[in-house]
Each structure stands twice: as C-alpha cells, then as structure tokens.
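Each chain, letter by letter, is given below.
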Amino acid sequence: MRGCLAVYQRELLILKKKFWRQTASMCVAPLLYLIAFGFGVGKDLQVDGRSYMEFLIPGLVAMSSMTQAFAIASEINIARFYWRIFEEFQAAPIRNIAYVTGEVLAGITRALFSVALILFIGLLSGVVLSYGLLFWLAVVLNSFLFASMAVCMAMLVRSHADQALLTNFFITPMAFLGGTFFPVDHMPLWAQKILNFLPLTHAAQSVRASSFGQTPELHSYVLLAALGLALFVLAFHCVNKAKD
Amino acid sequence: MIRIEGLTKHFKKVQALKGIDLHVMEGELFAYLGPNGSGKTTTIRILTGLSKPTSGDAYLHGFHILRETLQAKRQCGLVPQSINLDHELTVYENLNIHGKLFQMPRRVRSERIEEMLHYVDIADRRSTPIKHLSGGMKRRVMIARALMHAPKILFLDEPTVGLDPKIRRRIWSLVKKIQQNGSTIFLTTHYIEEAEFLAQRVAFLDEGRIIALDKPQNLMDRLGKWAVDKIVEGEMETTYHASREGANAHILRQVGSLSVRRVNLEDVFISVTGKKVQP
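**A closer look at the overall build of chain B**
In step 1: The secondary structure content of chain B amounts to 10 helices and 13 strands.
In step 2: Here chain B has a C-alpha radius of gyration of 21 Å; the compact-globule value for 279 residues is 19 Å, and the two agree.
In step 3: Counting only C-alpha atoms, chain B reaches 70 × 45 × 35 Å along its principal axes.
In step 4: Looking at chain B as a whole, 54% of its 279 residues qualify as buried.
In step 5: The long-range fraction of contacts in chain B, counting pairs at least 24 apart against all pairs at least 6 apart in sequence, stands at 67%.
In step 6: A gap of 5 Å separates the mean positions of the 42 positive and 31 negative side-chain charges of chain B.

Below is the structure:
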C-alpha cells in the first residue's frame, strides 16, 4: 500500500511542479471545442430538447476524462524511456500491483481535475447541470478504464513515438465517434452497433444521462467497470513482462 | 553476502550470461570487469530485480532473488549506469520519494535524507532541481539515494562513466568511504585503474563467462611485476618480467622503440582474452 502511495505521490508532485502548464494544456482542447462546436456550429441547435451547449458539456467531460486518464501513458513513457525512473520503481521492494495502482490513481486524479476544469468552464458559459453520484461514478469508471489502458500501452510500446501512434489510432477516433459531439442514436443502425463497442460511447451516455437528471443505463456502468478491471489485470501482467 | 550459482540469461538468440558462479563476501569491495557487452550490466540487472534470469540462482544476504524478491531488494541499493533521477524534482524530493518507495517512516526518512546529503557533500543543493546539477553532482545524488535505506549491498554499475578524471577520483573516495563503513560493494567498470584502485577482488567477464577471479595483485603477479612494450609493425607486443632487472636485460637485447612499466590489470585481461577491456 505504501509503495502504491509513493508512486502516486511522485506523479502528483510532478503534476504540482507543472501545475499551470498542465492546467492551461487541459483547458485548450475543451475550450476550442466549446468555441467551435458550442458557440459556433451549435449556437441555435437543439438536441433532444436541450441546447447544444448542454449536450456538449457532458460529452466533453467524458472525452476529457478519457484523454487525461490516458495521458498518464505519456508520463510513464517519459519516466521509462527518457528519465529511466521506471528502473527505480522496479528496483524498489514494491509489488507490481502497487506500481500499477499508483499510476492508475494518478491517471484518475488527472482526469478528475480536468473534469472539474470543464465544469468550471461550463459554469462560466451558463451551463449548470446535475452532478450527482451517478455522474461522478461514470467519470471515475471511465478514468479507471483509460488509466489502466494507459499503463498497458505504456508497457507494451517500445518508444515514445509508438505511444503517439496509439493515441492517433485509438484515442482520437474514439474522442470524435464516442458520442461526445453528436447523439450516437442519430447514426445509421450499423454505425450505432459499431459505436456501441466503444467504451467512451457508454461513458458519454452515462455522464450525459446523469447530468440531465435521468437514470443512466446500468449495463453501461457494468461494462465500464468490467472492462476497466480486465485492463487493470492486463496492466499488471504488462508490467511483469516489461522487465526485459 | 552475494551468492550466484549457474546464472544464465538468454535474449532471443544472444546468450548474455553463460553460467556465472560467484561468491562476494560481506564488507568486500568487488569489481566486475569486462568490455562493453560482456554481461556486467545484465548480471547487476538480474541481481537487483530489473531482469529475470533464464536459469540459475542468486542470493542477496541469504534471500533468493526470485523466491524472496522483496526481501532481497531491501538488501541492496543500486546506482545504475544511466542517470535515472527525476529531473523536474529537487535533490530532496528525489531522496524522499526513494525513502517512500522503501517504506521508511517519515521521521527516519527526514533524518536519513539530511545524513545522506551531508555524506555525499551535496547538502547545499537540497532544493536544487536535478536538471540544474552537473554530471558529477547527479552521480553523488544517485549514490545518496541508493544508500538512503541503509542497504547491506551497494551495486554500482559503471559509476564514473562519462565523468572527468577529477570528479572520478572524488567518486572513488566516496566509494572507499562507503566500504569502510561496512557495506558490501559490487562494482562494474571497464576502467582498469578504477578496479585496481578500489577493489579487493576482481572478476574478469568476457562473453558472459567469468574468465579470471582473484585479488588484483595476485592476478598481476601471475604475469610478472614489469611489462616491456615494443611496437612491431604498428602492433604492440608486450613481454612480462618478474623483476626490473629482467625487464632491463630484455630491453638491451631488443632493437627499436621500447618502454618499460608496471604490470596492470589490463595486461591480465589481454593475456587471458587476447583483447582490451576498453570498449
């Protein structure tokens, strides 16, 4: 447990050192999407009886929790390939599960912080929604899933450049197709079936439904939790494999 | 203190270690010498838990490195070849994180950090980010970090590589001091003079095998005390002699450019392998 806290505290310390840079960087993408899609394209648009801004903010919450939780992969990669800090963790008397837990917790923390920033930006834009327990549960499960995925990927890649490729192939398409900017049920049936395989689709639907005060689908939460757990176990195995 | 039995390591088609047997005694400063790619770092990586052996056993202070991994790791401190400090963090923060990783209680940790900062003479830089330190200072921080949890065994993997001679001497003094305080030190190097100056025993490693193992003086004495170098058609030819008189007599019989010097460990390595230790 202490080993896990040490890994987590190190990541928080790094985050603290780069606080203003990180905060500004976390705000850039959501702000651009808000300006371009919220104020620009969606100014007079209504989706399912709500303004497009109200529709967009929960989508951005889901997307940002995904990208920021996944961004821990870059931090791990820099520590592994550039600063070689990973060796310090591997030589310490801590179990691999403690290392994975510490990194995943750091990913979730980053994600929660970015979500808080989006909610603040939303508030400034006059969007106030309901942020109850189910909302935060969806955010945490989504962050857990993508932080676990990040640890897996960070262990599997052989260089920092490979990491960028994975982001381009997995995260960016998901960000645009996972129900962030448009309702998935407006797509053709065949596309809906495909998009329903994306975890972000379920996260976006759950976050959106809960923030609208509706009851989200239980199966989305189960799916996010199950997939997150599977990736967490996989991350543990990947750390074991990364030794050589 | 360190016991290695039949240790092998294969990387796909490359056999990095071909059966290492070794026993390093408590309080000993042991040098593991060999050219690049001979398996020095691989041995250290296995012993410190960074890599898994293909076969064989190793014990650190009685703890098996695979069956009692966590206990074995607690026995050792590691100073790896590459600088692996958190460059964004300060000297103090780097040591503090290490202390946390080794589950040291807060009070013990703070006291030990102060002690180590003074021990490696870097106390005035405690609040400096690592990125603002020189190469020699970074090495000293790494040594301080490796000693934070008071390990019984210290692994130094090429601790002076890339450092200028003055800083190198300073690190040597520090290593001597650590050993005099009772630690067992396992040092890898390809600097012959480093091993000669520091080590009580030396193992020569070549292509994954230990090819010679003894006290430096014993190894050198087997060749003789004096060496005469002669350049023949661009190649160095060396002969070894038990006495200076013998070396002088040999010189008188030769024609051309000759020089006489003391036998060193490099001579031993060349005589055993036919190649130089330096990469």
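**Looking at helix H5 (residues 135–147) of chain B**
In an α-helix, one full turn covers 3.6 residues, which means residues spaced three or four apart are oriented alike.
In step 1: An ideal rise of 1.5 Å per residue puts 18 Å on 13 residues; H5(B) measures up with 19 Å between its terminal C-alpha atoms.
In step 2: Of all 13 residues in H5(B), 12 are buried; the element is thus mostly enclosed.
In step 3: All of the buried residues along H5(B) are Gly136(B), Met137(B), Lys138(B), Arg139(B), Arg140(B), Val141(B), Met142(B), Ile143(B), Ala144(B), Arg145(B), Ala146(B) and Leu147(B).
In step 4: Tucked inside the fold, the buried residues of H5(B) contact helix H5 (85–91) of chain A together with strand E6 (76–79), helix H3 (91–101), helix H4 (106–119), strand E7 (153–157) and helix H6 (165–180) of chain B.

**A look at the interface of chain A and chain B**
Interface size, as often reported, equals the accessible area lost upon joining of the parts.
In step 1: Taken residue by residue, the interface counts 26 residues in chain A and 29 residues in chain B.
In step 2: Counting each side, the surface lost to burial between chain A and chain B is near 2700 Å², with a carbon and sulfur contribution of 57%.
In step 3: Taken together, the links from chain A to chain B amount to 5 salt bridges.
In step 4: We note a salt bridge from Lys17(A) to Glu93(B), for which the minimum N-O separation is 2.9 Å.
In step 5: Where the side of chain A that touches chain B is concerned, the elements lending two or more residues are helix H1 (2–17) and H5 of chain A.
In step 6: No other element matches the 9 residues that H1(A) contributes to the side of chain A that touches chain B.

**Focus: the environment of Thr90(B)**
In step 1: Along the chain, the position of Thr90(B) falls in the loop between E6 and H3.
In step 2: Note on Thr90(B): relative accessible area 9%, which makes it buried.
In step 3: In sequence terms Thr90(B) and Leu133(B) are 43 residues apart; their C-alpha atoms lie 9.8 Å from each other.
In step 4: In this structure, Thr90(B) is in contact with Lys17(A), Arg126(B), Ser127(B), Thr128(B), Pro129(B) and Ile130(B), ignoring residues within four places of it in sequence.

**Section: the nonpolar core**
In step 1: The biggest cluster of nonpolar side chains holds 133 residues, and the ones touching the most others in it are Tyr99(A), Leu101(B), Ile143(B), Val202(B), Phe204(B) and Leu265(B).
In step 2: The leading source of residues in this core is helix H7 (residues 133–156) of chain A, at 15 residues.
In step 3: No fewer than three residues from each of domain 1 (2–216) and domain 2 (219–273) of chain B sit in this core.

**Remarks on the pairing of strand E2 (residues 14–24) of chain B**
In step 1: Here strand E1 (residues 2–11) of chain B runs beside E2(B); their pairing, made up of 8 bridges, is antiparallel. Note on E2(B): the bridge partner recorded for Arg3(B) is His23(B).

**Some remarks on the pattern of salt bridges**
In step 1: Under the counting rule described, the total for this entry stands at 21 salt bridges over all chains.
In step 2: Ionic pairing is found between Glu88(B) and Arg21(A), a salt bridge with its closest N-O pair at 4.0 Å. In this pair, Glu88(B) is assigned in the loop between E6 and H3 and Arg21(A) in helix H2 (residues 19–41), connecting two distinct chains.
In step 3: Residue Glu88(B) is classed as partly exposed on the basis of its relative accessible area of 22%.
In step 4: A salt bridge links Lys225(B) to Asp221(B); its shortest N-O distance comes to 3.3 Å.
In step 5: Taking the relative accessible area as the measure of exposure, Asp221(B) reaches 35% and is therefore partly exposed.
In step 6: Connected through shared salt-bridge partners, Arg10(A), Glu11(A) and Asp86(B) make up one network.

**Regarding the side chain of Gln103(B)**
In step 1: With respect to the element layout, Gln103(B) can be found in the loop between H3 and H4.
In step 2: For Gln103(B), the side chain forms a polar contact with the main-chain oxygen of Leu101(B), separated by 2.8 Å.
In step 3: The contact partners of Gln103(B), leaving out residues within four places of it in the chain, are Arg2(A), Gly3(A), Pro93(A), Ile94(A) and Arg74(B).

**Side note on the domain arrangement of chain B**
Residues and elements named next belong to chain B.
In step 1: Each assigned domain of chain B is listed with its residue range as follows: domain 1 (2–216) and domain 2 (219–273).
In step 2: With 16 residues of domain 1 at the interface, the matching set in domain 2 holds 10 residues.
In step 3: Together domain 1 and domain 2 conceal approximately 1000 Å² of surface at their shared face, both sides included; 74% is due to carbon and sulfur atoms.
In step 4: Applying the counting rule to domain 1 against domain 2 returns 1 salt bridge.
In step 5: One salt bridge in this structure joins Arg222 and Asp214, with 2.4 Å as the shortest N-O distance.
In step 6: Put simply, domain 1 and domain 2 have 5 residue pairs in polar contact (both at pLDDT 80 or more) between them.
In step 7: Elements that contribute at least two residues to the side of domain 1 that touches domain 2 include exactly helix H7 (192–198), strand E9 (201–206) and strand E10 (209–214).
In step 8: Among the residues forming the side of domain 1 that touches domain 2, the class breakdown is 11 nonpolar, 1 polar and 4 charged.

**As for the sheet that holds strand E11 (residues 226–232) of chain B**
Residue and element names in this part refer to chain B.
In step 1: Strands sit in the order E12-E11-E13 across an open sheet of 3 strands; the sheet is antiparallel. Either end of the sheet is taken by a strand with one partner, and the two such strands are strand E12 (235–241) and strand E13 (258–262). The mean inter-strand angle of the sheet, taken between neighbouring strand axes irrespective of direction, is 25°.
In step 2: Of the strand pairs in this sheet, E11 and E12 are connected by 7 bridges, and their pairing is antiparallel. Within the sheet, the bridge partner assigned to Lys230 lies in E12 and is Glu237.
In step 3: Lying on the sheet, helix H9 (residues 244–253) is in contact with E11, E12 and E13; it crosses E11 at an angle near 20°.

Rules used in this analysis
Residues numbered from 1 in each chain as written. Chains lettered and ligands numbered in written order. Predicted model: local features only at pLDDT ≥ 70, side-chain atom pairs only at ≥ 80, totals over all residues. Heavy atoms only, no water. Helix = DSSP H or I, 4+ residues; strand = E, 2+ residues; numbered from the N terminus. Rg over C-alpha atoms; globule rule 2.2 N^0.38 Å. Buried < 20%, exposed > 50% of the residue type's maximum accessible area, 1.4 Å probe, protein only. Contact = heavy atoms within 4.5 Å. Lys, Arg positive; Asp, Glu negative; His and termini not counted. Charge placed at Lys NZ, Arg CZ, Asp CG, Glu CD. Expected span 1.5 Å × (residues − 1). Buried area = accessible area lost by both parts, 1.4 Å probe. Salt bridge = Lys/Arg side-chain N within 4 Å of Asp/Glu carboxyl O. Core = buried A, V, L, I, M, F, W, Y, C linked by side-chain atoms within 4.5 Å. Domains from an automatic or database assignment. Pairing = 2+ DSSP bridges. Polar contact = N/O pair within 3.5 Å; in protein donor to acceptor, adjacent residues only side chain to side chain. Nonpolar A, V, L, I, M, F, W, Y, C, P; charged D, E, K, R; others polar. Axes fitted to C-alpha atoms, helices over the stretch in contact; angles between N-to-C directions.

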